[in-house]
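Below, each chain spelled out in residue letters.
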Amino acid sequence: AQSVTQLGSHVSVSEGALVLLRCNYSSSVPPYLFWYVQYPNQGLQLLLKYTTGATLVKGINGFEAEFKKSETSFHLTKPSAHMSDAAEYFCAVTPDFYGGSQGNLIFGKGTKLSVKP
Amino acid sequence: DAGVTQSPTHLIKTRGQQVTLRCSPKSGHDTVSWYQQALGQGPQFIFQYYEEEERQRGNFPDRFSGHQFPNYSSELNVNALLLGDSALYLCASSTAGLETQYFGPGTRLLVL
């Protein structure tokens, strides 16, 4: 069965420091991978996605992620954290889409990012 | 261009009652998916509607049902509410054949 594992339910960084949020997936078919961000009391906003092609994907707000098939990973990074980055981040996979159907999203449990001044 | 909208924003019900949540997809989208997000957890897929039919379903009991209307809007119905149904219910819309889902702000349901 497909699954997503996010290492670390809480990550705390100082403002200006590197942000690294880890995501590993398991999928029997080539996956489509996503990172979403959720601010308090709000829905999910798409940060970036990997479908096919270039394995380094750039998203909004300076975030990027690299798809590493050999490591089954899709870690999210940002070179310099800003106070406004404090939120919960979810990694998700759509394994079924490859088969041509509109796949559902399977989410990790999320990582809450805190940014210290 | 309005994004995905959901109503109501908050709802309080008691055990055994029934609830209906509503979702209007982003303009141009024809597929609606529903997710349940319990406190401290990631969203879990309930079901997806396309062309007014349920196309996929997650591991949720039959108490959870839905409907899609000709204008692509959708409803989620939950019967015989349990305390464990308390959660944020998220609606996401997309276009058939494209992989990206866009989420609404959610409806927060509290069952007492």
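Preceding this section is the structure that the text describes.
Residues numbered from 1 in each chain as written. Chains lettered and ligands numbered in written order. Predicted model: local features only at pLDDT ≥ 70, side-chain atom pairs only at ≥ 80, totals over all residues. Heavy atoms only, no water.

All right, on to the overall build of chain A then. Along chain A, the regular secondary structure elements total 0 helices and 11 strands. Shown N-terminal to C-terminal, the secondary structure of chain A runs as helices and strands in the order β-β-β-β-β-β-β-β-β-β-β. Residues counted as buried form 44% of the 117 residues belonging to chain A. The long-range share in chain A, meaning contacts at least 24 apart out of those at least 6 apart in sequence, stands at 56%. Of the roughly 5500 Å² of accessible surface on chain A, a fraction of 52% belongs to carbon and sulfur atoms. (Helix = DSSP H or I, 4+ residues; strand = E, 2+ residues; numbered from the N terminus. Buried < 20%, exposed > 50% of the residue type's maximum accessible area, 1.4 Å probe, protein only. Contact = heavy atoms within 4.5 Å. Areas by Shrake-Rupley, 256 points an atom, 1.4 Å probe, with all protein chains shown as cover.)

Attention shifts here to the overall build of chain B. Across its full length, chain B holds 0 helices and 11 strands. Its C-alpha atoms give chain B a radius of gyration of 13 Å, near enough to 13 Å, the size a compact globule of 112 residues would have. When the backbone C-alpha atoms are referred to their principal axes, chain B occupies close to 40 × 25 × 25 Å. Roughly 5300 Å² of accessible area belongs to chain B as shown, and the carbon and sulfur atoms make up 51% of that amount. (Rg over C-alpha atoms; globule rule 2.2 N^0.38 Å.)

Once that is clear, we can look at the nonpolar core. Membership of the largest hydrophobic core comes to 26 residues, with the highest contact counts inside it found for Trp 35, Leu 47, Leu 48, Phe 74, Leu 76 and Tyr 89 of chain A. For this core, the secondary-structure elements that each account for two or more residues are strand S2 (10-14), strand S3 (19-26), strand S4 (32-38), strand S5 (44-50), strand S7 (64-68), strand S8 (73-78), strand S9 (87-94) and strand S11 (111-116) of chain A. Within the second largest apolar cluster, 20 residues are counted, among which are Phe 47, Phe 60, Phe 64 and Tyr 89 of chain B. (Core = buried A, V, L, I, M, F, W, Y, C linked by side-chain atoms within 4.5 Å.)

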